[in-house]
Amino acid sequence: MGKILRETAKPSANSSSASPSSAAPATTSSTSVTETVRGSHQFKITGYSLSKGIGIGKYMASDVFSVGGYDWAIYFYPDGKSVEDNATYVSLFIALASDGTDVRALFELTLLDQSGKERHKVHSHFERTLESGPYTLKYRGSMWGYKRFFKRTALETSDYLKDDCLSVNCSVGVVRSRTEGPKIYTIAIPSSSIGHQFGQLLESRKGSDVNFEVNGEFFSAHKLVLAARSPVFRAQLFGPMKDQNTQCIKVEDMEAPVFKALLHFIYWDSLPDMHELTGLNSKWASTLMAQHLLAAADRYGLERLRLTCEASLCEDVAINTVATTLALAEQHHCFQLKAVCLKFIATSENLRAVMQTDGFEYLKESCPSVLTELLEYVARFTEHSDFMCKHRNEALLDGSDINGRRDLVGREVTVELKNDLAIRGTLHSVDQYLNIKLENTRVVDQDKYPHMVSDVDIGVLNFELRPGLSPFLYFDHNNSSSTKY
């Protein structure tokens, strides 16, 4: 068969318009952006000498912190992470502490120089080219770090350890990728003002259809707003047992400023200025208002307000208010607030002072069962204190200082007594009760204590210390040690 050919004429040069098929093709573009979301956390390790010996592979963990949508934690291994190193090195790692798979990140671990010379020990992924790219953590608990971060013997004589304390800074950069297309608009969207608008509705009283009498003061509000925010108001205003007289509902057992603050939160979704509300510019007044407002929030089922008050009270625990706050936490099931109060009272320096307050008498009368829990906290705290004291005493059994770094037996030391009398001599022994025996003793300030001076040295002195107290040993500029009682 033959082919049928159709000839198409070329458009003339002076043609007024081009055909659609000859138009240039549309061009679109997009950009892939890969960047890091960075954050850092400082982890301070106090009592380093007491952490030694906890066991190879056992660690001390920092608090969890968030970077790039993931949780992280720093793990410090005083005795190292690997059995084969036989506790020769300390280990330091950063771990993924939240659920996630194939999390790509850059890390930096810095052991801070505490001498002021800023000669920090830094291991960093940042500011340098990585041949294999960012590190990938496969799952929760995956770690990056160094099994042999620092040799223990070198660490304990370095400027990184000061006052038996180490300080570690960790930076995390989570790698994220996104694709951006061309933006063809820019519209600024204002933040929500619904709380402000409802607040103005409360202040203007326009359309109000319910009134409350609280301790002689009157407040106007709107049924639908109250019902939308509080299940208790919903039942009271629209339920089968609703109040018949909504012209004036009387509220018992509540102060007027507290109810005013309650309405403010319902409409504005925020707390009012407590100082302005109470007319008192004191922390005590704000704490008292937060206590009453927590009870009101629990009464009307306002969970967010209750938690807001609970958080505020946790931050403002004080001697004169903690017992009342503890009773409130017990009555309204605020478990975190209760734990904070118990821990605060259980310390020896706070317990006696709290017991002298009127709030403690109220606690005993209203919540006697809490006293049992308080006793358990006190016993637990005392047990912990005794444990720490025992470890300090054991650290001194061989005559070493509290960091266990220098042997003082046979060396010249100075014992400073409470009456400012200072005795210098050679340290002979220190027993488990920290009783100290000195030989070749003499008074340091002979002009101040002439009655203590004779032609010969004082001789041998024994200094007895009550069990449970720990003297502080330190080195003076003359390389001798001093002990204060």
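A few points on the structure. Bear in mind that the values here come from a model prediction, so they are computed numbers and not experimental data.

As for the layout of surface pockets
Size it by volume and the second largest pocket reaches roughly 380 Å³. Lining the second largest pocket are 15 residues; nearest its centre among them are Leu 202, Glu 203, Lys 260, His 264 and Leu 277. Elements represented by at least two residues in the lining of the second largest pocket include exactly α3 (194-204), β12 (217-221), α6 (256-268) and α7 (274-278). The greatest single-element share of the lining of the second largest pocket, amounting to 5 residues, is contributed by α6. Its residues assigned to classes, the lining of the second largest pocket shows 8 nonpolar, 2 polar and 5 charged.

So, the pattern of salt bridges
A complete count under the given rule lists 16 salt bridges for this structure. Here Arg 178 makes a salt bridge to Glu 35, at a shortest N to O gap of 2.5 Å. Remark: Glu 35 occurs in strand β1 (residues 31-46) and Arg 178 occurs in strand β10 (residues 165-180); sequence separation between them is 143 residues. Look at the salt bridges and you will find they share partners, linking Glu 35, Arg 178 and Glu 180 into a network.

Overview of the state of the cysteines
In the structure shown here, the tally under the stated rule is 0 disulfides. Cys 341 carries a free sulfur, and the closest cysteine sulfur to it, the one in Cys 314, is 6.9 Å from it. Here Cys 341 falls in the buried class, since its relative accessible area comes to 0%.

Concerning the side chain of Ser 171
Assignment of secondary structure puts Ser 171 in strand β10. Excluding residues that lie within four positions of it along the chain, Ser 171 makes contacts with Arg 38, Gly 39, Ser 40, Leu 106, Phe 107, Glu 108 and Phe 126.

Examining the nonpolar core
For soluble globular proteins, nonpolar side chains are generally found buried alongside one another. Counting 54 residues, the largest nonpolar core has Phe 212, Leu 226, Phe 259 and Leu 262 as the members making the most contacts within it. Per element, the largest residue contribution to this core is 9 residues, and it comes from α6. When residues no more than four places from it in sequence are discounted, the contact partners of Leu 262 are Leu 293, Ala 296, Ala 297, Tyr 300, Leu 302 and Leu 305. Grouped together as the second largest cluster of nonpolar side chains are 29 residues, Phe 65, Val 90, Phe 149 and Val 172 included.

Points about the packing of helix α10 (residues 322-331) against helix α13 (residues 358-366)
Running from N to C, α10 and α13 cross one another at 25°; their axes reach a closest spacing of 7 Å. Compared by their axis directions, α10 and α13 come out roughly parallel. Taking contact as the criterion, the partners of Ala 323, Thr 324, Leu 326, Ala 327 and Gln 331 in α10 are, on α13, Gly 359, Phe 360, Tyr 362, Leu 363 and Ser 366. Broken down by class, the residue content of the contact of α10 with α13 amounts to 6 nonpolar, 4 polar and no charged.

Some details on the packing of aromatic side chains
Counted under the stated rule, the structure contains 13 aromatic pairs. Plain terms: the ring middles of Trp 72 and Phe 107 are 5.7 Å apart, the flat faces sit at 70° to each other, and that makes the pair edge-to-face. Here Trp 72 is found in strand β4 (residues 70-77), whereas its partner Phe 107 is found in strand β6 (residues 103-111), with 35 residues between them in sequence. Phe 107 shares its class with Trp 72; the two are buried. Note on Phe 219 and Phe 259: the rings are 5.6 Å apart at their centroids and 55° apart in plane angle, and the pair reads as tilted. Placement of Phe 219 in strand β12 and of Phe 259 in helix α6 is noted, with a sequence separation of 40 residues between them. According to the relative accessible area criterion, Phe 219 is buried, its value standing at 11%.

Things to note about the sheet that holds β12
On the basis of which strands lie adjacent, the open sheet formed by 3 strands has the order β12-β11-β13 and mixed pairing. What marks the edges here is a single partner per strand, and that holds for β12 and β13 (249-251). With strand direction ignored, the average angle separating the axes of adjacent strands in the sheet is 30°. Alignment of strand β11 (residues 210-214) against β13, held across 3 bridges, turns out to be parallel. Following the sheet pairing, Val 214 is matched in β13 by Val 251.

Considering helix α8 (residues 283-299)
Taking 1.5 Å per residue, 17 residues should reach 24 Å; α8 reaches 24 Å between its end C-alpha atoms and fits that length. The elements touched by buried residues of α8 are α6, α7, α9 (303-315), α10 and α11 (335-346). Trailing α8 by a residue or two, Gly 301 shows a phi angle of about 70°, which is positive.

Rules used throughout
- Residues numbered from 1 in each chain as written.
- Predicted model: local features only at pLDDT ≥ 70, side-chain atom pairs only at ≥ 80, totals over all residues.
- Heavy atoms only, no water.
- 1 Å grid on protein atoms, 1.4 Å probe; cavity = no way out; pocket = protein on both sides within 12 Å on 5 of 7 lines; lining within 4 Å.
- Points joined across faces, edges and corners; volume = space filled by probe spheres on them.
- Helix = DSSP H or I, 4+ residues; strand = E, 2+ residues; numbered from the N terminus.
- Nonpolar A, V, L, I, M, F, W, Y, C, P; charged D, E, K, R; others polar.
- Salt bridge = Lys/Arg side-chain N within 4 Å of Asp/Glu carboxyl O.
- Disulfide = S-S within 2.5 Å.
- Buried < 20%, exposed > 50% of the residue type's maximum accessible area, 1.4 Å probe, protein only.
- Contact = heavy atoms within 4.5 Å.
- Core = buried A, V, L, I, M, F, W, Y, C linked by side-chain atoms within 4.5 Å.
- Axes fitted to C-alpha atoms, helices over the stretch in contact; angles between N-to-C directions.
- Parallel < 35°, antiparallel > 145°, perpendicular 65-115°, else oblique.
- Phe/Tyr/Trp six-rings, centres within 6.5 Å; stacked < 30°, edge-to-face > 60°.
- Pairing = 2+ DSSP bridges.
- Expected span 1.5 Å × (residues − 1).

Everything listed here is a matter of geometry and, on its own, says nothing about what the molecule does.
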